[in-house]
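Descriptive structure summary
Chain residues, written in single-letter form:
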Amino acid sequence: MRFVLVDKIVEIEPGKRARGYRNLSLDADYYQDHMPAYPVEPGVLILESMAQLGGRLVQQSVKAASGRDVLPMLAMVNAAEFRRPVRPPCRLDVSAEVLSLRTTRARVSAEAHVDGQPV
């Protein structure tokens, strides 16, 4: 099984930032189990969307800086906060920013928005 939780990356500036989005649809089978009368996107999948965009940003940043190809892996989530429910159908806009980039680790900050409002 493969989870790709970013539909499109619209901007990527290696070493700096990236923006992308994911279109949420009621067609996803997990909504049948995740509050079927009031479908809500699971927070862990919102975090995963941010992690995937951040990982792609780190990958491109390392490649631009050193030519190395790396496969980033999420190691820690610090200070995650959910501000409001995300309900399909909607577009989840995700942004990521490189905070630090070292030889064996990187630090990225990410945010998710729906209709310009932080979620």
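See above for the structure.
Below or above, wherever it landed, is the structure these notes cover. In this text the structure is predicted, and so the values were computed from the model without any measurement.

Some words on the pattern of salt bridges
For the coordinates displayed, the defined rule picks out 6 salt bridges. Across the pair Arg 19 and Glu 11 runs a salt bridge whose closest N-O atoms are separated by 2.7 Å. Take Arg 19: its relative accessible area is 42%, and that puts it in the partly exposed class. When its relative accessible area of 27% is taken as the criterion, Glu 11 is described as partly exposed. Between Glu 81 and Arg 83 there is a salt bridge, with its nearest N and O atoms 3.6 Å apart. Among the residues examined, Arg 83 registers a relative accessible area of 56% and is labelled exposed. When salt bridges with common partners are traced through the structure, they connect Glu 13, Lys 16 and Arg 17 into a single cluster.

Basis of the calculations
- Residues numbered from 1 in each chain as written.
- Predicted model: local features only at pLDDT ≥ 70, side-chain atom pairs only at ≥ 80, totals over all residues.
- Heavy atoms only, no water.
- Salt bridge = Lys/Arg side-chain N within 4 Å of Asp/Glu carboxyl O.
- Buried < 20%, exposed > 50% of the residue type's maximum accessible area, 1.4 Å probe, protein only.

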